[in-house]
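Notes for the structure review
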Amino acid sequence: MANLYIGLVHYPIMNKHGEIITTAITNYDIHDIARAAITYDVSNYFVIHTIPAQRDMVTSIMEHWKTGFGSVYNPDRKEAFFGVEVVNSIRMALERIKEKENEMPIVVTTDARTYENTITYASMRKKLETGTRPVLVLFGTGYGMTQETMKKFDYILEPIYGHGAYNHLSVRSAVSIILDRLRGELWWEKH
């Protein structure tokens, strides 16, 4: 089985006007995605941000839960944060995976639209289950990563479609749904 990594990208991101921006880190994204990552056996969760002050803030929050009062108050949160790493770029996340795995990962991203290199969840799950090359799934914040950035990746996962017409999930919700589709139990096969 291939090792799965995830990354939360804050730059280069599009805003609702189509401008390239850097989004701010949200405290809930750090906590909730870390907890989902450990639940679904993700090797590392990379928080990817170009601004040093934002990376320092994440490090400070994590230290509170890993070694500070939070580590005693909520030991489960402490365990979840040991799989989180703060890096300054997508390139740095790729290099960290290569150091650990001795090869570059397959890079996959998400979007609410389909592209020529869109892959289904079933196909990506099969690659994870039968392959050995690590996989990095990147999640954009704001209104998603720039088109130029996304063109560099191997695959783009198909959009998440709900039963209703509304389609603007929080990144925390999208990460949980996608991790369940890629690594969750096959509950529909149980009788």
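Residues numbered from 1 in each chain as written. Predicted model: local features only at pLDDT ≥ 70, side-chain atom pairs only at ≥ 80, totals over all residues. Heavy atoms only, no water.

Some points on the overall build of the chain
Scanning the chain for helices and strands turns up eight helices and nine strands. Relative to the compact-globule value of 16 Å for 191 residues, the chain shows a C-alpha radius of gyration of 16 Å, a close match. Seen along its three principal axes, the alpha-carbon backbone of the chain occupies a region of about 45 × 45 × 40 Å. Split into buried and exposed, the 191 residues of the chain put 46% on the buried side. Contacts in the chain between residues far apart in sequence, at least 24 positions, make up 79% of those at least 6 positions apart. For the chain, the computed accessible surface area is about 10500 Å², with 52% contributed by carbon and sulfur atoms. Considering the chain, the positive charge centre built from 21 side chains and the negative charge centre built from 22 side chains are found 1 Å apart. (Helix = DSSP H or I, 4+ residues; strand = E, 2+ residues; numbered from the N terminus. Rg over C-alpha atoms; globule rule 2.2 N^0.38 Å. Buried < 20%, exposed > 50% of the residue type's maximum accessible area, 1.4 Å probe, protein only. Contact = heavy atoms within 4.5 Å. Areas by Shrake-Rupley, 256 points an atom, 1.4 Å probe, with all protein chains shown as cover. Lys, Arg positive; Asp, Glu negative; His and termini not counted. Charge placed at Lys NZ, Arg CZ, Asp CG, Glu CD.)

Focus: the nonpolar core
Core analysis: the biggest nonpolar cluster contains 39 residues, and Ile6, Tyr45, Val137 and Leu157 have the highest contact counts within it. When residues of this core are assigned to their parent elements, the largest contribution, six residues, is made by helix α8 (residues 171–183). When sequence neighbours within four positions are dropped, the list of residues in contact with Tyr45 reads Ile6, Leu8, Asp29, Ile30, Ile33, Ala34, Ala37, Gly83, Val84 and Glu85. Within the second largest apolar cluster, 17 residues are counted, among which are Val9, Ala93, Leu94 and Met150. (Core = buried A, V, L, I, M, F, W, Y, C linked by side-chain atoms within 4.5 Å.)

What about helix α1 (residues 27–39)?
Note that an α-helix has 3.6 residues per turn; residues three or four places apart therefore point the same way. Look at α1: 19 Å from first C-alpha to last across 13 residues, which is about the 18 Å you get at 1.5 Å a residue. If you follow the buried residues of α1, they end up packed against β1 (4–9), β4 (44–48), α2 (52–66), α4 (75–81), β5 (84–87) and α8. Looking one or two places after α1, you find Asp41, whose phi comes out positive at around 60°. (Expected span 1.5 Å × (residues − 1).)

Section: the layout of surface pockets
Counted as a void, the largest pocket has a volume near 640 Å³. As for the largest pocket, its lining consists of 25 residues, of which Ala112, Gly140, Gly142, His168 and Leu169 are closest to the centre. Broken down by secondary-structure element, the contributors of at least two residues to the lining of the largest pocket are β8 (135–140) and α8. With three residues, α8 is the single largest residue contributor to the lining of the largest pocket. By residue class, the composition of the lining of the largest pocket is 13 nonpolar, eight polar and four charged. In this structure, the second largest pocket encloses a volume near 260 Å³. What lines the second largest pocket is a set of 14 residues, among which Ile90, Arg91, Leu94, Lys152 and Phe153 lie closest to the centre. It is helix α5 (residues 90–101) that provides the largest number of residues to the lining of the second largest pocket, a total of three residues. (1 Å grid on protein atoms, 1.4 Å probe; cavity = no way out; pocket = protein on both sides within 12 Å on 5 of 7 lines; lining within 4 Å. Points joined across faces, edges and corners; volume = space filled by probe spheres on them. Nonpolar A, V, L, I, M, F, W, Y, C, P; charged D, E, K, R; others polar.)

Some points on the environment of Ala36
In this structure, Ala36 sits in helix α1. A sequence separation of 28 residues divides Ala36 from His64, and the C-alpha atoms of the two residues are 19 Å apart. Not counting residues up to four positions away in its chain, the partners in contact with Ala36 are Ser176 and Leu179.

Quick notes on the packing of aromatic side chains
As enumerated under the stated definition, the model contains three aromatic pairs in all. On the basis of an interplanar angle of 25° and a centroid distance of 6.3 Å, the ring pair of Tyr5 and Phe46 is categorised as stacked. Of this pair, Tyr5 sits in strand β1 while Phe46 sits in strand β4, and the two are 41 residues apart along the sequence. What makes Tyr5 buried here is its relative accessible area of 1%. (Phe/Tyr/Trp six-rings, centres within 6.5 Å; stacked < 30°, edge-to-face > 60°.)

So, the sheet that holds β8
Overall, parallel pairing links the seven strands, which are arranged β5-β4-β1-β8-β6-β9-β7 in an open sheet. Of all strands in the sheet, those with a lone pairing partner are β5 and β7 (118–119), marking the two edges. Across four bridges, the pairing between β4 and β5 is parallel. For Tyr45, the partnering residue across the bridge sits in β5 and is Val84. Sheet strands in contact with α2 are β4 and β5, and its direction is about 160° off that of β5. (Pairing = 2+ DSSP bridges. Axes fitted to C-alpha atoms, helices over the stretch in contact; angles between N-to-C directions.)

Read these as layout, nothing more, since geometry by itself doesn't imply function.
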